[in-house]
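Tertiary structure, described
One letter stands for each residue in the lines below.
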Amino acid sequence: MDGNGRWAKRRGMPRTAGHREGVKSVRAVVEEGVRRGIGTLTLFAFSSENWRRPPSEVNILMELFMSALRGEVRRLHEHDVRLRVIGERTAFSERLQQRIAEAERLTADNAGLNLQVAANYGGRWDITRAARQLVADVQAGVIAPEAIDEAALADRLSFPDLPEPDLFIRTGGEQRLSNFMLWQSAYSELFFSPVLWPDFDASAFAEALDFYAGRQRRFGRTGEQVEALNAVGRYGRG
Ligand code: IPE
Ligand code: MG
């Protein structure tokens, strides 16, 4: 979700006004996701590098996170959304951590949209943590070093129950991953939208989904193989 600051600057407003406006886009995209029956949606709200911003901006972002949790969780729950936070949450205030835990507990059994908010998240952090867990498991005799394969590492990333992202959308015109789900997005289709996040609405989202619908996903195979597999209906990653 990129472009809040620029959106505000263009209107002669402080950057934080853009963040406030961006909450509306979050609502619109989540609603559209629910409406379309999307299974999993992860929003990159705050990266492990965003702490480098001016403290006043970081504080506003934290407050917005708090108030959005307070204001939105009930409605998400009513829509059968399961909300989880992905990232190093121990860096947040006790109050925010508590609120996150409550929201996760409330929505834990919901079977609709899986909504992840990536907060203080970084793809390298995720992989590093998985590596640390692997070493601990080797030391504990849970897994032999020779048995470590891609699946063993993937199982130790955040939320191994979730599918890898099919579609990656970045708004605001920059064409970078910026440390988002580096392992999991190896085969994601990448969509870069020039629209600034506060202007990203259901129709901008639809454009990204249309782009995705037009992609042929080969996972290393040839186009001919994919077509043949599609014809017999057994196309997948395996
Ligand atoms: C939102 O957009 C991203 C967050 C960290 C919340 P930015 O704040 O990066 O906006 P730009 O890129 O300066 O326009
Ligand atoms: Mg930015």
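Please read these numbers as outputs of a predicted model, since none were measured by experiment. (Residues numbered from 1 in each chain as written. Chains lettered and ligands numbered in written order. Predicted model: local features only at pLDDT ≥ 70, side-chain atom pairs only at ≥ 80, totals over all residues. Heavy atoms only, no water.)

1. Structural notes on helix α4 (residues 94–107)
Which entries qualify depends on this criterion: Put simply, DSSP marks the helices as runs of H or I at least four residues long and the strands as runs of E at least two long, and each gets a number from the N terminus on. Take the number of residues in a helix, subtract one, and multiply by 1.5 Å to get its expected span. Partly exposed residues are those whose accessible area sits between 20% and 50% of the maximum for their type, while under 20% is buried and over 50% is exposed, using a 1.4 Å probe and protein chains only. Summarising the geometry, the arc corresponds to the directions from the helix axis toward the C-beta atoms.
For α4, spanning 14 residues, the distance from its first C-alpha to its last is 20 Å, which sits close to the expected 20 Å at 1.5 Å a residue. For α4, the complete set of buried residues consists of L96, Q97, I100, A103, E104 and T107. Down the axis of α4, the buried side of the element spans an arc of 125°, and every buried residue falls inside it. The exposed residues of α4 that point more than 90 degrees off its buried face are E94, R95 and R105.

2. Considerations on unusual backbone geometry
The phi dihedral of N120 falls on the positive side, at around 50°, and the residue is not glycine. Relative to the assigned elements, N120 resides in strand β3 (residues 114–121). On the basis of relative accessibility, which here comes to 6%, the residue N120 falls in the buried class. Phi at M181 takes a positive value of approximately 35°, unusual for a residue other than glycine. By the secondary structure assignment, M181 is in the loop between β4 (167–170) and β5 (189–192). Judged by relative accessible area, M181 falls into the buried class, the value being 9%.

3. Let's talk about the pattern of salt bridges
In plain terms, the rule: Salt-bridge detection follows one rule: a side-chain nitrogen of Lys or Arg within 4 Å of a carboxyl oxygen of Asp or Glu.
For the structure on display, the rule yields 17 salt bridges. A salt bridge links R36 to E32, with the nearest nitrogen and oxygen atoms 2.9 Å apart. Residue R36 and its partner E32 are located together in helix α2 (residues 15–36), separated by 4 residues, close to a single helical turn. On the accessibility criterion, R36 (40% relative accessible area) is partly exposed. Given the relative accessible area of 8%, E32 is considered buried. R217 is the partner of E189 in a salt bridge, and the nearest nitrogen-oxygen pair spans 3.4 Å.

4. Details of the site of ligand 1
How we decide: Proximity criterion: a residue is near a molecule or strand once any of its heavy atoms comes within 4 Å of it. Two N or O atoms form a polar contact when they lie within 3.5 Å of each other; inside protein one atom must be a possible hydrogen donor and the other a possible acceptor, and for residues adjacent in sequence the pair counts only when both atoms belong to side chains. All accessibility values rest on the Shrake-Rupley procedure with a 1.4 Å probe; residue burial counts only the protein chains present in the view.
In the vicinity of ligand 1, the residues found are M1, D2, G3, N4, G5, R6, R15, H19, A45, N50, R53 and L61. Measuring from an oxygen atom of ligand 1, one finds a side-chain N or O atom of D2 at 2.8 Å. Bound to the protein, ligand 1 loses 87% of the 390 Å² it would expose on its own. Those elements giving two or more residues to the shell around ligand 1 turn out to be α1 (4–10) and α2. Residue contributions to the shell around ligand 1 peak at 3 residues, all from α1.

The values are spatial; any link to function lies outside them.
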